[in-house]
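# Notes for the structure review
Okay, here's what each chain looks like letter by letter:
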Amino acid sequence: MKPTNTRDPEYYHKVVDCQYACPAHTPVPEYIRLIAAEKYTEAYMVNWESNVFPGVLGRTCDRPCEPACRRVRVEEEPVAICRLKRVAADQKGDVKQLMPQGPFPPNGKRIALIGGGPASLTVARDLAPLGYEIHLFDEQIAGGGMMRSQIPSFRLPETVLNEEVGFILDMGIHTQFLTYVSSLREVLSQNYDAVFVGTGAPKGKDLTNLPGRSEGAASIHIGIEWLASVAFEHTKSISKKVIVLGGGNTAMDCCRTARRLGGEEVKVVVRSPFSEMKASPWEKEDAMHEDIQIFDNHVPLSFEVENGKLIGMKFQKVKAVYDEKGKRQLIPTEEPDVFIEADEVLVAIGQQNSFPWIERDLGLEFDQWEMPVVDRTTFQSTLPKVFFGGDAAFGPENVITAVAQGHQAAVSIHLFCQGKDLMDRPSPYTNLVSQKMGIHEWSYDSQIAADHRYAVPQAKKSVTLKDRKKEVELGFDVPTAYKETQRCLNCDVQTVFSADRCIECDACMDVCPTSCINFTENAEEDQLRLNLLVPAENTSQDLLVSENLKTGRVMVKDEDVCLHCGLCAERCPTSAWDMQKYFYSVTKAYQVPAPFPSLQK
Amino acid sequence: MSYLKPLFSHPKLPKNKIGYTLKEYEGSLSTLCAGCGHDSISAAIVRACFELSIEPHRVAKISGIGCSSKTPTYFLGNSHGFNSVHGRMPSVATGANMANKEMVYFGVSGDGDSASIGMGQFVHVIRRNLNMVYVVMNNGCYGLTKGQDSATADQGSISKSGHVNPFQAIDLASLAIELGASFVAQSFSGDKQQLIPLLKAAIQHQGFAFLNVISPCVTFNNNPGSTKSYDYVREHIEATSVLDFVPHQEEIKTQYDEGKSTRVELHDGSEIQLNKLSMDWNPEDRVSVVSALQNAREKQEILTGLLYINTEWKDLHGTLNTTKTPLNRLKEEELCPGTEALNQINIGFR
C-alpha cells in the first residue's frame, strides 16, 4: 500500500467516527471534553455553530453518531452523545453574548425563505451576519416547522424550542408567520436575490383505498396533522381505544400523545417485524413503557364501521420472508384475520413532499416523482436563484440532516449572490495540534474509563401521562454527566506517526492494548489486512500506513479499535508517535472566504 | 502519564488452545524507559507462552536486581514470581526447581546481574544443567545507575559520555557453551521473528536453556559508537539460521532445501527445524559453534539464532536421580518412612 496521505482533511476526520457520521459534522469529542470541564457555555457554542439547535437536538436527534461510536466496537454501548449535548444546553450560561450581534451592516441583498423549519432557520442564521435582508414565511404562528408541530412537548418543551428559534430570529430576520405561500411566482416577482425552499415534507400518507376509509373519516386522522393540531391546541382529547398505524417515530409520537389525551388502550399496528420498525429503539422502549402495545406483522385490511361509527380495524397476519438478495417480502400466514377494536385511528405511515404552490412553468424542473430536481452538492434547483434544503429537497430525513443541508444551501446562496462558482465549495477548517504537555503528559484525559453507559432518568409515568407538556426525560444530572463524558475515547486526538523518527524498537506495538499497531512487510491492502497481528476485517475503517522504515518494513495501524489512549506515544522513545488533536469544522457561509473568523464580535 | 493499561482489548483477539488470549499473559504497564529493548523481550515471552498454550499458573519467573530483573512485573501477570537478591537468581531458581519439577522456570537477568555480581552463581547453574530458561537482557551497561560500562560492553565501545571501554567483554554465549549448557542461543530484542521461536524452543528444551538477548538501552547506550545500539546491532547482526519451532504432533509447514536443513527433536516430541545460513557450523557440535563464534567476533559480527543444542545430557533431576513426584507433593509417610526403613538403609551401609 502507498503511505497514507494524512494531509487529506478527510483521513483524520474519518477516524472521529461520531463526527464523521453526523450530517453536520459536529465536533463531538471536543464538546464532550468541555462538558467534562464544566464549560457548558463553550460546549453549547461548539454545538450551536455546527448544529444550530443543541437544546432541541440534545432531546430529539436521530443520533446517527451513536451507532458509529467507537465504543460500540470495543465495548457494547456508545457514549450517550445526544444526552450529553442536552447537558450542555441545560447547564449553559449566557450564550447569546457569544453569538453574532446585530444589527449587521446590510449588504444590499434580499433573500426569501419559504418555511420556518430547521433548514430555513439554519440558512437564516448563516446568512444574517453577512448582512443579507432575510424574509421568512411560514404558515404557523411561530418558527420551528416540524420541530414545533410534530415533536410533542413531552419530548421537547416549547421553551427550549422558543429559545433556540429566538436566537436566530433575533438576528434581525423579517418574519411573516401565519402566511401560507401559495405561489412561487409571486415570491419571485418580488425580486429577491435568492429564494430558499424549506417547506419540509408536509403531507402525511393516507390509506385512501382501504374499505371503510370514507365511512369512518370522522374518526380517522393523519398522524402529523393530528400532532400539529394537538401542538396548536385545537385537539385536546382522544377516545379511549386508539389504533396507531405505522412503525416510525411519528407513530411513536402519536401513540404517546394519545396516551396523554385520554387514550387508555393505545395500540400500534405495523406491517413490518418489530426489529425492522423505523422508529428508534429508544422511542419504542419509551412507548412500551407507557403501556402501549405494539402489534407487528399486521397488514391493515379495512376500517370497520357500524352504524356510521368506527368500531375497529381488520388486519391480515403476515411474516417477513427474505430472498437471497436480502429483499423483504411480507407473505400472509394462514392464520385468520385479526380484528382490533378502536374508537379512533391515527395513520402515521409516512409523509410526502407536496409542492402545489410551485407553478410548473417557472423553469423549475420536477422529476417523475414530482420532486424538484435539486443538485446534491449545491442544493440549487434548475431555476438558478431557487434553492432547496431539508425534507423539501430529497424527501423526509431528520432535523440534523436539514441543518447540514441548510449550511450548504447558505454557502451556495452566498456564492450565488457574489456571482461565484457554486461548485467551488469552501474547504473545511482543520487544525492538528500536539497535546504533549511533558514527557508523558497529555493535555487531554487519556485514561480509558471502563464504565458502562449511564441511563438518563425519566419522570414518573403517573405524572407524565397526566400532562402532555411534562417532559419525560429529566436529563443527566451533573455528576452522572461527568461520568458519562469519561466514556468518550477522544477519537479526535489522533495518533500521528513520523516514520523518519522511528527506531523500530517495537515499544508501541508491544504496549498497544488493542493490538492495532504492526511493523510488517508492505503488501497490497487486502493481503496487508490479513497479515496484521489481529486481521483488520472491518474494511470500513482505514489502515494508517507509514513510509518505508530503516529495515524496509512499514508501520501499519488499524484504526478500527484504537482507544486513543496515547500509550504508543508514551512508550515511544523518539516521539515518532504523537497525540495531536484534530479539529474539523465544515465551513459555514459566514466563514467564507475568510477561513475562520471568530463568532464573537 | 499512564499507570494502568486500559481494560479493553481487540474484540477479535485470537485465543490459544486453552482458551486464553494474549491479554491473560500480559503483566502490568512497564515503568522502564520508553523504547527499552527489555519491553520487547517481555512481549516476546508473552507471545511465546501464549503460542505454546502454557497455563500461566505453571510458570515461575525468578529474577535478581536491575532493569532486566524488574521486567517480570511486566509480563505473565498471572504467573508466580520471585524477585531475589542481586546475582542470586540461580540459587532461588535451583531451589524452586528442586521442589517442583513440573513448572516452567524463567530466570530473568541482565549483564550486571549475571556477568558481574552473579557470575559465580551463573557458572554453577550452567554446569548443573538445571531445567530452566535463563534469559540475559544484555544492554552492555548499568542502565539503572546511569549507564556505566558493564562486563559485557565490547572493548572499544563508546559510552554516551564519550568514554571508550578499555576492557575485554565477557562473551556469555561462549562461556555458557564452554561450561556445558545444553541449549545456547543469541538474539536481538528488535527481532521478534527470531526471538519468539527461540523462546519457545528454550521452554520446551529439557535442561539449561541460555538466551543472550541484546537489548539496547535507549537512555544510556543507544548512541553512535556504542556496539549495543539499535542501529549498530541491526547492521552487524548475522543469523546462523532461520529457526522454526514445531510443536509436538503439528504439521511442518515450511520446507527448506535438503542439506541446508537440520531438525532437532526435543524430549516432548516437538521439533526445531533449522535452515542453516552459515554452512560451516553445526548446532550439535560444540567445536564448530565455538569457532563460528570466534570467527564472528573477528569480523565484528553478532552471531544470532540457535547456536548450540544437546538433547542427550541429563538435567539436574536426572543427574541426582530425584523422585518422579515433585517434592512439594510428597506426603509425610513418604518423607518419613519410619524406623524399619531407616534400619534397612543402615544395613545397606554395613
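Residues numbered from 1 in each chain as written. Chains lettered and ligands numbered in written order. Predicted model: local features only at pLDDT ≥ 70, side-chain atom pairs only at ≥ 80, totals over all residues. Heavy atoms only, no water.

Naming follows an unreviewed UniProt entry, where chain B appears as 2-oxoacid:ferredoxin oxidoreductase subunit beta of Algoriphagus lacus.

For chain A, the name recorded in an unreviewed UniProt entry is dihydrouracil dehydrogenase (NAD(+)), with Algoriphagus lacus as its organism. You can read under Function (unreviewed entry) in the UniProt record for chain A the words "Involved in pyrimidine base degradation. Catalyzes physiologically the reduction of uracil to 5,6-dihydrouracil (DHU) by using NADH as a specific cosubstrate. It also catalyzes the reverse reaction and the reduction of thymine to 5,6-dihydrothymine (DHT)." Its UniProt record gives chain A the following Subunit (unreviewed entry) comment, quoted word for word: "Heterotetramer of 2 PreA and 2 PreT subunits." (UniProt positions renumbered as here; feature names shortened; annotations may be inferred.)

### Some thoughts on the overall build of chain B
Secondary structure summary: chain B contains twelve helices and 13 strands in total. Along the first, second and third principal axes, the C-alpha set of chain B runs to 70 × 50 × 45 Å. Within chain B, counting contacts between residues at least 6 apart in sequence, those at least 24 apart form 70% of the total. For chain B, the exposed area adds up to about 15900 Å²; of that, 52% sits on carbon and sulfur atoms. Of note, chain B has its 31 positive side-chain charges centred 6 Å away from the centre of its 35 negative side-chain charges. (Helix = DSSP H or I, 4+ residues; strand = E, 2+ residues; numbered from the N terminus. Contact = heavy atoms within 4.5 Å. Areas by Shrake-Rupley, 256 points an atom, 1.4 Å probe, with all protein chains shown as cover. Lys, Arg positive; Asp, Glu negative; His and termini not counted. Charge placed at Lys NZ, Arg CZ, Asp CG, Glu CD.)

### Quick look at the packing of helix H14 (residues 249–260) of chain A against helix H15 (residues 281–289) of chain A
Residue and element names in this part refer to chain A. The geometry of H14 relative to H15 is characterised by a closest axis approach of 10 Å and an angle of 20 degrees between their N-to-C directions. Of the possible angle classes, the one that applies to H14 and H15 is roughly parallel. Crossing geometry of H14 relative to H15 is assigned as left-handed. Contact with H14, carried on its side by Asn249, Met252, Asp253, Cys255 and Arg256, involves Glu283, Lys284, Asp286 and Ala287 of H15 and no other residues of that element. (Axes fitted to C-alpha atoms, helices over the stretch in contact; angles between N-to-C directions. Parallel < 35°, antiparallel > 145°, perpendicular 65-115°, else oblique. Left-handed = near helix turned anticlockwise from the far one by under 90°.)

### Quick notes on H14(A)
Residues and elements named next belong to chain A. Its twelve residues give H14 an end-to-end C-alpha distance of 17 Å, which sits within 8% of 16 Å, the value for a rise of 1.5 Å per residue. Taken together, the buried positions of H14 are Asn249, Thr250, Ala251, Met252, Asp253, Cys254, Cys255, Arg256, Thr257, Ala258, Arg259 and Arg260. Backbone geometry just after H14 places Gly262 at a positive phi near 120 degrees. (Expected span 1.5 Å × (residues − 1). Buried < 20%, exposed > 50% of the residue type's maximum accessible area, 1.4 Å probe, protein only.)

### A short note on the pattern of salt bridges
Counting across every chain of the model gives 54 salt bridges over all chains. A salt bridge links Asp510(A) to Lys192(B); the shortest N-O distance between them is 2.7 Å. Pair noted here: Asp510(A) is in helix H20 (residues 507–511) and Lys192(B) is in helix H7 (residues 192–204), and the two residues belong to different chains. Lys192(B) shares its class with Asp510(A); the two are buried. The shortest N-O distance in the salt bridge between Asp171(B) and Arg297(B) comes to 3.1 Å. (Salt bridge = Lys/Arg side-chain N within 4 Å of Asp/Glu carboxyl O.)

### Re the domain arrangement of chain A
Residue and element names in this part refer to chain A. What the domain assignment reports for chain A is domain 1 (17–98 + 452–485), domain 2 (110–202 + 353–417), domain 3 (204–349) and domain 4 (493–589). Taking the mean C-alpha position of each, domain 1 and domain 4 sit 31 Å from one another. With twelve residues of domain 1 in contact, the opposing surface of domain 4 contributes 15 residues. Overall, the association of domain 1 and domain 4 removes approximately 1000 Å² of surface from exposure, summing both partners, and the carbon and sulfur fraction of that is 49%. Considering only the surface of domain 1 that becomes buried against domain 4, Arg70, Arg73 and Val74 emerge as the three largest contributors, covering 42% of it. Summed over the shared surface of domain 1 and domain 4, the number is three salt bridges. Here Arg73 ties to Asp560 by a salt bridge, and the two come within 2.7 Å at their closest N and O atoms. At the junction of domain 1 and domain 4, the tally comes to seven residue pairs in polar contact (both at pLDDT 80 or more). Secondary structure elements with two or more residues in the side of domain 1 that touches domain 4: helix H2 (17–21), helix H3 (28–36), helix H4 (40–51) and helix H7 (71–74). Residues that form the side of domain 1 that touches domain 4 fall into these classes: three nonpolar, three polar and six charged. (Domains from an automatic or database assignment. Buried area = accessible area lost by both parts, 1.4 Å probe. Polar contact = N/O pair within 3.5 Å; in protein donor to acceptor, adjacent residues only side chain to side chain. Nonpolar A, V, L, I, M, F, W, Y, C, P; charged D, E, K, R; others polar.)

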